[in-house]
Amino acid sequence: HRDLPSFPTRRSSDLAIMRGKIPADLPLFLVSGGDDPVGGLGKGVKKAYDFYHKAGIKNVTMNLYPGDRHEILSELDYEQVEEDILLWMEEKLCE
């Protein structure tokens, strides 16, 4: 993680750094609680999603869980979160 920018921004220099650090075909799955104050109530995850797309990462998926906060695997809907992660992984492994 030390090779990556501290937080995705939209500066062209950060995009250039990302293009050289992350393979364009690497699948990324961004998950967060929609009410996570650390992630700006989903805004930070949406910015990261947009940033990776602009950096040329072709396979980015995002899932925000409404009502969930920071520790999404400790929320009441943790089974749904786990299922979504496993399904995403299985889908990507079969591609």
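About the cut-offs
- Residues numbered from 1 in each chain as written.
- Predicted model: local features only at pLDDT ≥ 70, side-chain atom pairs only at ≥ 80, totals over all residues.
- Heavy atoms only, no water.
- Helix = DSSP H or I, 4+ residues; strand = E, 2+ residues; numbered from the N terminus.
- Buried < 20%, exposed > 50% of the residue type's maximum accessible area, 1.4 Å probe, protein only.
- Contact = heavy atoms within 4.5 Å.
- Polar contact = N/O pair within 3.5 Å; in protein donor to acceptor, adjacent residues only side chain to side chain.
- Phe/Tyr/Trp six-rings, centres within 6.5 Å; stacked < 30°, edge-to-face > 60°.
- Salt bridge = Lys/Arg side-chain N within 4 Å of Asp/Glu carboxyl O.
- Expected span 1.5 Å × (residues − 1).
- Arc of directions from axis to C-beta.
- Patch = residues over 30% accessible without salt bridge, like charges linked within 9 Å, V, L, I, M, F, W, Y side chains within 5 Å.
- Areas by Shrake-Rupley, 256 points an atom, 1.4 Å probe, with all protein chains shown as cover.
- Pairing = 2+ DSSP bridges.
- Right-handed = clockwise from strand over helix to strand, strands pointing away.

*Asks:* Mind showing me how you'd approach the overall build of the chain here?
*Replies:* Scanning the chain from terminus to terminus reveals three helices and two strands. Tracing the chain from N to C terminus, the helices and strands come up as α-β-α-β-α. Taking all 95 residues of the chain together, the buried fraction comes to 34%. Counting only contacts in the chain whose residues sit at least 6 apart along the sequence, the fraction spanning at least 24 positions is 62%.

*Asks:* Could you clarify how one ought to interpret the side chain of Glu75 in this entry?
*Replies:* Within the secondary structure, Glu75 is located in the loop between β2 (60-65) and α3 (78-93). Reaching out from Glu75, the side chain makes a polar contact with the backbone nitrogen of Arg69 at a distance of 2.7 Å. Not counting chain neighbours up to four residues away, the residues in contact with Glu75 comprise Asp68 and Arg69.

*Asks:* Is there a simple way to think about the packing of aromatic side chains in this case?
*Replies:* Per the counting criterion, the structure on display carries two aromatic pairs. Where Phe29 meets Trp88, the ring centres are 5.0 Å apart and the plane angle is 20°; that geometry is what we call stacked. Remark: Trp88 occurs in helix α3 and Phe29 occurs in strand β1 (residues 28-33); sequence separation between them is 59 residues. By the burial criterion, Phe29 is buried, and Trp88 matches it.

*Asks:* Hey, could you run me through the pattern of salt bridges in this one?
*Replies:* Summed over all chains, the structure comprises two salt bridges. The residue Lys92 makes a salt bridge to Glu95 at a minimum N-O spacing of 3.3 Å. With a relative accessible area of 61%, Glu95 lands in the exposed category.

*Asks:* Hey, could you run me through helix α2 (residues 43-54) in this one?
*Replies:* Here α2 is 12 residues long and its end C-alpha atoms lie 16 Å apart, about the 16 Å a rise of 1.5 Å per residue gives. Among all positions of α2, only Gly44, Val45, Ala48, Phe51 and Tyr52 are buried. The buried side chains of α2 occupy one side of the element, clustering within an arc of 120° when seen end-on. The positive-phi residue at the C-terminal boundary of α2 is Gly56, with phi of around 95°.

*Asks:* It is not clear to me how a nonpolar patch on the surface should be interpreted in this structure. Could you clarify?
*Replies:* Taken together, the side chains of Leu86, Met89 and Leu93 define a hydrophobic patch exposed on the protein surface, amounting to about 330 Å² of accessible area. With respect to the helices and strands, the residue Leu86 is situated in helix α3.

*Asks:* What is the right way to read the pairing of β2 from this model?
*Replies:* In regular strands, side chains alternate between the two faces of the sheet. Relative to β2, β1 runs parallel, the two sharing six bridges. The residue bridging Phe29 from the neighbouring strand is Thr61, located in β2. Between the parallel elements β1 and β2, the chain passes through α2 in a crossover that is right-handed.

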